[in-house]
Amino acid sequence: MAFKLKTYKINNNSNKTIGEIYDEYLDYCKSIGQRKGTIDSKIRFGKYELTKLVNLNDNVSELTYKKIQNYINGMINQGYKGNTYQTFVIKLKAFLTYCFNRDYLEKFEVKIPNILLEKKEIYTETEINKLLKKPNLNTCVVGDYRSWATVNFLLGTGCRSTTLLNVHVKDIDFINDAIKFRHMKTKRQVIVVLPNSLKVVLKEYIANMNLKDDDFLFPKLDGTQMSYDTLHQNLVCYFKHCKVKMRGVNTFRNTFATMFIKNGGDIYRLKACLHHTKISTTERYVNLLPIDISDDILQYNPLDVISKDNRKITLIRNNRKGGK
């Protein structure tokens, strides 16, 4: 009996487990120069998300279209947010493509679900005020003080968590009021403004923590670079201490965007602050309802402006008539 070469190769590869192939996939991603943040994200996906779909010790043939479809439908039925199951499929599809290209699986199509984009969550001003309350330096633990400074940095710059974790002390320019972000999603360095309030916080923080120029700004206690998981866990503890619900590290980026607009900034300047390439991306970060900016809406509403101008003209005419 004659076998097609592709089928023959798939049959020969079928003795590998999903876990073995996923380890190969991670090595491949590193070899093509994907960012550390991207690799870390894929490691977390394999450890915490892929394992909900399949057992990593199972044969790769267990990774079937039907099983994936049922899992996605289950997420939808359980009320998961669209962004959650869409992101899951995007990450899974990248791994499946690796499997298809190396003949570990017969190719099948997994479509990325269409979703209604939702506004991003933010922290309220009440919650922010609790988080920004400075700890007592005589009694607080080092972790709480560092987390307090971290919250100030995230809210003051709107940067991503991966950007924050790669900032060094020497990247803070206190003379020119600037910060160098050496690790960006766009893979290019940028210079951002150092706000006055953050400048005061960081000067004291660097001195109290005895940090040197080449040190990471927010290191672990042993001076080494902090991982995202450690950052997240530290903030979870700090939020609990402050009696605030933790809704994610990057929620500060959403909060920065929303408060920037509420405080009178425009979306084009915000786009520059967040270093987005598309204005549509920036719009998703602004978690405002029209009622929040009702004064501005009324100020620029065409009908109100025209009506106001017409009332002015009528008033002037009436005054002229009355003066005759």
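Residues numbered from 1 in each chain as written. Predicted model: local features only at pLDDT ≥ 70, side-chain atom pairs only at ≥ 80, totals over all residues. Heavy atoms only, no water.

So, on to the overall build of the protein chain. Within the protein chain, the secondary structure is distributed over 15 helices and 3 strands. Counting the 324 residues in the protein chain, one finds 38% classified as buried. Within the protein chain, residue pairs in contact and separated by at least 24 positions form 60% of the contacts whose partners lie at least 6 positions apart. Taken as a whole, the protein chain presents about 19600 Å² of accessible surface, with 52% of it coming from carbon and sulfur. (Helix = DSSP H or I, 4+ residues; strand = E, 2+ residues; numbered from the N terminus. Buried < 20%, exposed > 50% of the residue type's maximum accessible area, 1.4 Å probe, protein only. Contact = heavy atoms within 4.5 Å. Areas by Shrake-Rupley, 256 points an atom, 1.4 Å probe, with all protein chains shown as cover.)

For L270, the location among the structural elements is in helix α12 (residues 267–274). Measuring from C-alpha to C-alpha, the distance between L270 and A257 comes to 6.8 Å, with 13 residues separating the pair along the chain. When residues no more than four places from it in sequence are discounted, the contact partners of L270 are F256, A257, F260, I261, T282 and V286.

Within the largest apolar cluster, 39 residues are counted, with the highest numbers of intra-cluster contacts made by F153, L202, Y205, L217, F239 and F252. Mapped by element, the contributors of at least two residues to this core are α6 (125–131), α7 (142–157), α8 (161–165), β2 (178–181), β3 (190–193), α9 (196–208) and α10 (228–242). Broken down by element, the residue count for this core peaks at 7 residues, all from α7. In this view, L202 contacts F153, I172, F174, L194, L217 and F218; residues no more than four positions away in its chain are not counted. (Core = buried A, V, L, I, M, F, W, Y, C linked by side-chain atoms within 4.5 Å.)

Turning our eyes to something else, we now look at helix α11 (residues 251–262). Taking 1.5 Å per residue as the helical rise, α11 with its 12 residues ought to reach 16 Å, and the 16 Å between its terminal C-alpha atoms agrees with that figure. With respect to burial, α11 is a largely interior element, 9 of its 12 residues being buried. Looking at the packing, one finds that the buried side of α11 touches α6, α7, α10, α12 and α13 (279–285). Of the residues flanking the end of α11, it is G264, one or two places downstream, whose phi is positive at about 110°. (Expected span 1.5 Å × (residues − 1).)

Another point: α10. The terminal C-alpha atoms of α10, which comprises 15 residues, lie 21 Å apart, in line with the 21 Å expected from a rise of 1.5 Å per residue. Taken together, the buried positions of α10 are occupied by L231, L235, Y238, F239 and C242. Seen along its axis, α10 keeps its buried residues to an arc of 100°; they face one direction. In α10, the exposed residues that point more than 90 degrees away from the buried face are K240 and H241. (Arc of directions from axis to C-beta.)

A few words on the pairing of β2. In the sheet, strand β1 (residues 172–173) pairs with β2 via 2 bridges, with the strands oriented antiparallel. Note that in β2 the partner of D173 across the bridge is A178. With antiparallel pairing between neighbouring strands as the criterion, β1 and β2 make up a hairpin whose turn holds 4 residues, including D177 at a positive phi of roughly 55°. With 4 bridges joining them, β2 and β3 adopt antiparallel strand pairing. In the sheet register, I179 faces β3, and the bridge partner there is V192. (Pairing = 2+ DSSP bridges.)

Okay, the sheet that holds β2 next. Read from one edge to the other, the open sheet built from 3 strands follows the order β1-β2-β3, with strand pairing classed as antiparallel. The open sheet terminates on both sides in strands that have one partner only, identified here as β1 and β3.

Closest axis-to-axis distance for the α7/α10 pair is 10 Å, and the angle between their directions is 100°. Our classification of the angle between α7 and α10 gives roughly perpendicular. Across from D144, R146, S147, W148, T150, V151 and L154 in α7, the residues of α10 making contact are L231, N234, L235, Y238 and H241. Classifying every residue of the contact of α7 with α10 gives 6 nonpolar, 4 polar and 2 charged. (Axes fitted to C-alpha atoms, helices over the stretch in contact; angles between N-to-C directions. Parallel < 35°, antiparallel > 145°, perpendicular 65-115°, else oblique. Nonpolar A, V, L, I, M, F, W, Y, C, P; charged D, E, K, R; others polar.)

This part takes up the side chain of T17. You can see T17 is positioned in the loop between α1 (5–13) and α2 (18–31). On the accessibility criterion, T17 (19% relative accessible area) is buried. Sequence-distant contacts of T17, that is, excluding residues within four places in its chain, are made with L56, N57, D58, N59 and V60.

Okay, the pattern of salt bridges next. Here the structure, examined in full by the defined rule, presents 12 salt bridges. The partner of E121 in a salt bridge is R247, with the nearest N and O atoms 3.9 Å apart. Of this pair, E121 sits in the loop between α5 (82–101) and α6 while R247 sits in the loop between α10 and α11, and the two are 126 residues apart along the sequence. For E121, a relative accessible area of 37% translates into the label partly exposed. Classification of R247 by relative accessible area gives buried; the value is 18%. Two residues, D266 and R269, come together in a salt bridge whose shortest N-O distance is 2.2 Å. By sharing partners, the salt bridges in this structure join E121, E127 and R247 into a single network. (Salt bridge = Lys/Arg side-chain N within 4 Å of Asp/Glu carboxyl O.)

Direction vectors running N to C along α2 and α5 enclose 100°, while the axes themselves pass 10 Å from each other. When the axis of α2 is compared with that of α5, the two are roughly perpendicular. Residues I18, I21, Y22, E24, Y25 and Y28 of α2 touch α5, and the partners they reach there are A94, F95, Y98 and C99. Its residues assigned to classes, the contact of α2 with α5 shows 9 nonpolar, no polar and 1 charged.

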